[in-house]
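Chain residues, written in single-letter form:
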Amino acid sequence: MRPAPLLTALLVSAAAILSTGSTAFAETKGRAFVVSGDTLRFGRETVRLHGIDAPEEDQYCENEYGRPFECGIQAIDALTELIARRTVTCVGDRRNEEGQLLAVCYAGDTNLNSRMVRTGWAVARPDEQPDFASLEKLARSERAGIWALKFVDPAEWRKQNP
């Protein structure tokens, strides 16, 4: 018995999606360990907060007096405080080249992605999530978080510090 054409098309599509490493939909929930200002770990699952980019753990910024400031550590602390020992739920539908789930994460009803941008401890990536650009503009105008410091964009910093 031959499978129906629609069933065959669905199976071929599913195989194509699985072979590219894409995820149809994934939800991760539980106690999160903060890896960086934009990355969480739930046991063996690593989740990247989609649409944002925070300073790396060993990235320094410069304060108003020209002194180094551990902005990467501060971004980790900011995300840790937002979570505040609450259960975290992350929802995503793709993985990056490192196999990390790209997701929007919540601690209770707090959207961690948007709060990191709004408090100034992450920059928005409008090409990934256009909604965060207005939050970055507010943080920038208020000189919140890294916007009160001299800093190198996290993506550029990673290129300079492989």
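Summary of the structure given here. Quick caveat: nothing in here was measured; it's all calculated off a predicted structure.

## Some points on the environment of L40
Part 1 of the reasoning: Along the chain, L40 falls in strand 3 (residues 39–42).
Part 2 of the reasoning: Under the relative-accessibility criterion, L40 is labelled buried at 0%.
Part 3 of the reasoning: C-alpha separation for the pair L40 and C105, spaced 65 residues apart in sequence, amounts to 9.3 Å.

## Comments concerning the side chain of D53
Part 1 of the reasoning: Structurally, D53 is set in strand 5 (residues 52–53).
Part 2 of the reasoning: In terms of polar contacts, D53 uses its side chain to reach the side chain of R125, at 2.9 Å.
Part 3 of the reasoning: A polar contact of 2.9 Å, which involves the side chain of D53, links it to the side chain of R158.
Part 4 of the reasoning: Apart from the residues within four sequence positions on either side, D53 is in contact with D38, R48, A122, V123, R125, P154, A155 and R158.

## Observations concerning the state of the cysteines
Part 1 of the reasoning: Using the criterion set out here, one finds two disulfides in the structure.
Part 2 of the reasoning: A sulfur-sulfur distance of 2.1 Å marks the disulfide that ties C61 to C71. Around the S-S axis, the bridge from C61 to C71 shows a dihedral of about 80° and counts as right-handed. In this pair, C61 is assigned in strand 6 (residues 61–62) and C71 in helix 2 (residues 71–83), connecting sequence segments 10 residues apart.
Part 3 of the reasoning: For C61, a relative accessible area of 5% puts it in the buried group.

## Here's the deal with helix 4 (residues 132–141)
Part 1 of the reasoning: Within helix 4, burial applies to F132, E136 and A139. On an axial view of helix 4, the arc spanned by its buried residues comes to 60°, and they lie on one face. The outward face of helix 4, more than 90 degrees from its buried face, is lined by the exposed residues K137 and S141.
Part 2 of the reasoning: Tucked inside the fold, the buried residues of helix 4 contact strand 5, helix 3 (112–118) and strand 11 (123–124).
Part 3 of the reasoning: Phi turns positive one or two residues past the end of helix 4, at R143, with a value near 55°.

What counts as what
- Along each chain, residues carry numbers from 1 onward, in the same order as the chain's sequence is written.
- Only residues with pLDDT of at least 70 get local features here, since the model is predicted, and only at 80 or more are side-chain atom pairs given and counted; chain-wide, interface and lining totals rely on the full set of residues.
- Only hydrogens and water are set aside; all other atoms, that is, all heavy atoms of the structure, feed into the side-chain values.
- Under the DSSP-based scheme used, a helix requires at least four consecutive residues in state H or I and a strand at least two consecutive residues in state E, with every element numbered from the N terminus.
- A simple rule labels every residue: compare its accessible area, found with a 1.4 Å probe on the protein chains alone, to the largest value its type can have, and call it buried under 20%, exposed over 50%, or partly exposed in between.
- Any pair of N or O atoms that falls within 3.5 Å is considered a polar contact. Within protein, one atom must be able to donate a hydrogen and the other to accept it, and sequence-neighbouring residues count only if both atoms are side-chain atoms.
- Any two residues having at least one pair of non-hydrogen atoms within 4.5 Å are treated as being in contact.
- Pairs of cysteine sulfur atoms within 2.5 Å are what we label disulfides.
- Picture the helix axis, draw a direction to every C-beta atom, and the arc is the one those directions span.

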